[in-house]
Amino acid sequence: MTHSMTGYGKAVAELPNKKITIEIKSLNSKQFDLFTRLPLAYREKEIALRNSLSRLLVRGKVDLSMNVEVIAKDVTSKIDHNVLSQYHREISGLAVELGIPEPGDWFPILLRLPDVMKQEQEELSDEEWNIIEEAVNRAVDEAIAFRRQEGKMLSQVLTTKINNIRSLLEAVEPFEEERVEKVKSRIREGLNSLENIDYDKSRFEQEMIYYIEKLDINEEKNRLAHHLDYFTATLKETEPQGKKLGFIAQEIGREINTLGSKSNQSGMQRIVVQMKDELEQMKEQILNVL
């Protein structure tokens, strides 16, 4: 089944004194790229999270965020006396130096400055981490379900594009015989327009056959049909197939280009242009396939 690399998952871990909201977002990327926004207390688990998410999500640009909401009433915060005193001395010195009055009420200003208030950090317990890890796994499951749903739509779009190219390939056939006859008549007309020129008709037929064989597109048609069938079969595989589909699309493009180089007929050239348009739209969608 086709999976997209676009996904979103969210879960909440409830603890006695806090609530942790975990969000996972993923977009397309050539490899697995993880960006984390973790509270300081949980950063020691970043490598474990990275390994787990890499195994589960495989590929994509993944953003993991944890937002902690403290709900306990007895939060232990303390004022750092040394930091506060240093701020006070520096501000007082600047007021004298600049000749401006000192603040009338110091505390609202000082308490908002960085590092004045410090909160005591408890060590991360195994019990707390198990609850958080379980919530991370729920968010991952939700993101994978999102990817699966997006993948269904991607598969439908790609299948439609493949069928369009297959139909266009069948539309080439009526032009083939007409194209060969036009080439023959054009060459004969050119020879007939030359006066007092005699030529070996047997040799002419041999050269004609050689020239027409160079314009033959049966091999290209067969290879293109094979690549289209292979693409369709790959879409149904259970393993991640994004890179594989990209390679097959390249081969499809090569055969279409060869058809274009041999299609010295306006009707065929229009069909080839339509094939290329369908293929370019396919390639844009393949970039998002896992």
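Quick note: structure is the one above.
Residues numbered from 1 in each chain as written. Predicted model: local features only at pLDDT ≥ 70, side-chain atom pairs only at ≥ 80, totals over all residues. Heavy atoms only, no water.

(A) Looking closely at the overall build of the protein chain. Counting secondary structure elements, the protein chain contains 8 helices and 6 strands. Put simply, the protein chain runs from its N terminus to its C terminus through helices and strands in the order β-β-β-α-β-β-α-α-β-α-α-α-α-α. Looking at the 290 residues of the protein chain, the share that counts as buried comes to 34%. A fraction of 79% describes how many contacts in the protein chain between residues 6 or more apart in sequence connect residues 24 or more apart. When the accessible surface of the protein chain is summed, it comes to about 18,200 Å², and 50% of that surface belongs to carbon and sulfur atoms. (Helix = DSSP H or I, 4+ residues; strand = E, 2+ residues; numbered from the N terminus. Buried < 20%, exposed > 50% of the residue type's maximum accessible area, 1.4 Å probe, protein only. Contact = heavy atoms within 4.5 Å. Areas by Shrake-Rupley, 256 points an atom, 1.4 Å probe, with all protein chains shown as cover.)

(B) View of the pairing of strand β3 (residues 32–37). Sheet analysis places β3 next to strand β4 (residues 60–70), joined by 6 bridges and oriented parallel. Each bridged residue has a counterpart across the sheet, and for Asp33 the counterpart in β4 is Lys61. Following the backbone out of β3, through helix α1 (residues 46–57) and into the adjacent parallel β4, one traces a crossover that is left-handed. (Pairing = 2+ DSSP bridges. Right-handed = clockwise from strand over helix to strand, strands pointing away.)

(C) Fine view of the nonpolar core. With 26 residues, the main nonpolar core has Leu224, Phe231, Ile252 and Met275 as its most contacted residues. Listed by contribution, the elements that provide at least two residues to this core are α4 (126–192), α6 (218–235), α7 (242–262) and α8 (266–286). Ranked by size, the runner-up nonpolar core spans 25 residues in total, among them Leu53, Leu57, Leu64 and Trp129. (Core = buried A, V, L, I, M, F, W, Y, C linked by side-chain atoms within 4.5 Å.)

(D) Structural view of the packing of α6 against α7. Interaxial distance between α6 and α7 falls to 9 Å at its minimum, and their mutual angle equals 160°. Here α6 is positioned roughly antiparallel relative to α7, judged by the angle of their axes. Crossing angle aside, the handedness with which α6 passes α7 is left-handed. Of the residues in α7, those touching α6 at Glu220, Lys221, Arg223, Leu224, His227, Leu228, Tyr230, Phe231, Thr234 and Leu235 are Lys244, Leu245, Ile248, Glu251, Ile252, Glu255, Ile256, Thr258, Leu259 and Lys262. (Axes fitted to C-alpha atoms, helices over the stretch in contact; angles between N-to-C directions. Parallel < 35°, antiparallel > 145°, perpendicular 65-115°, else oblique. Left-handed = near helix turned anticlockwise from the far one by under 90°.)

All quantities given are derived from atomic positions and should not be read as evidence of function.
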